[in-house]
Each structure stands twice: as C-alpha cells, then as structure tokens.
Amino acid sequence: REVRIDTLTTSDDLAALKRKDPFLYYSIPPVMDAEMKVGEVTVSCLEKFSVHRNAVSCPSKLQTQAKSSPKTISRKTCISFECH
C-alpha cells in the first residue's frame, strides 16, 4: 500500500491515516522524525519534506518538481523507534 503526501492536506487526514494504517503513517519520514523529536505531527512537516527532497536532488528544478511530482510513500512492514 502507498500514500501520496499531497493528499494529506489536513490534521484530520493524518489522524485518519494513523488510525486506519499505523504502519503506513509511520512509514512517512517526516511523521517519524516529528514523533521522535517534537511529538507533534502537522501537515506543514509533510510540505517541508516534499520541497526539501526535491531541493536536494536538483536545486534548479525545485519549483517545478515540487508542484508536478508528488512524493509517494510505500508502507513499511517493520518500524523501529530506536534512537541512534
């Protein structure tokens, strides 16, 4: 199962995903980071993640890629909360 980050636009969307499929919810890197560091996950975390990933791979195409290629996350089957 997969989820597109751009479809999670409200806190209710995030809460519903967490309730329906916790493994998919925690498979989203900014969700895992926010839970570990801050304890609060917001939609803005997802937006920052999508833009940051595109900026790292190709800074010159940041704007067009951020709008045209939504980030799809695949469901992980094992999640670890160990801090290293």
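Throughout this document, residue positions are counted from 1 along each chain, in the order its sequence is written. Per-residue local features are limited, in this predicted model, to residues with pLDDT of at least 70; the limit for side-chain atom pairs, both in listing and counting, is 80 or more; totals at the level of whole chains, interfaces and linings are taken over all residues. Side-chain calculation: all heavy atoms of the structure are included, whereas hydrogens and water are not.

Caption draft 1: Spotlight on the overall build of the protein chain. The helix count covers DSSP runs of H or I at least four residues long, the strand count covers runs of E at least two residues long, and both are numbered beginning at the N terminus. Of regular secondary structure, the protein chain possesses five helices and two strands. Along the protein chain, helices and strands appear, N-terminal first, in the series β-α-α-α-α-α-β. Counting only carbon and sulfur atoms, one obtains 52% of the accessible surface of the protein chain, whose full area is about 5800 Å². In this description, accessible areas are obtained by the Shrake-Rupley approach with a 1.4 Å probe, and a residue is regarded as covered only by the protein chains that are shown.

Caption draft 2: Local environment of the pattern of salt bridges. The term salt bridge refers to a pairing of a side-chain nitrogen on Lys or Arg with a carboxyl oxygen on Asp or Glu at a separation within 4 Å. Tallying each qualifying case throughout the model produces four salt bridges. Across the salt bridge formed by R75 and D21, the nearest N and O atoms sit 2.9 Å from each other. Of this pair, R75 sits in the segment after β2 (72–74) while D21 sits in the loop between α1 (11–20) and α2 (22–26), placing them 54 residues apart in sequence. Residue burial is assigned from relative accessible area. The probe radius is 1.4 Å, only protein chains are included, and a residue is buried under 20% of its type maximum, exposed over 50%, and partly exposed in between. In this structure D21 comes out as buried when scored by relative accessible area, which is 8%.

Caption draft 3: Representation of α1 in the model. Considered for burial, the residues of α1 that qualify are L14, A16 and L17. Buried residues of α1, seen end-on, are gathered within an arc of 165° and therefore sit on one face of the element. Opposite the packed face of α1, turned more than 90 degrees from it, sit the exposed residues S11, D12 and R19. The arc in question is the one spanned by the directions pointing from the helix axis to the C-beta atoms.

Caption draft 4: Examining the side chain of S27 more closely. Along the chain, S27 turns up in the loop between α2 and α3 (29–37). Definition of a polar contact: a pair of N or O atoms within 3.5 Å, with one able to donate and the other able to accept a hydrogen when the atoms are protein atoms, and with sequence-neighbouring residues admitted only if both atoms are side-chain atoms. Within the structure, S27 has its side chain in polar contact with the backbone oxygen of F23 (distance 2.5 Å).

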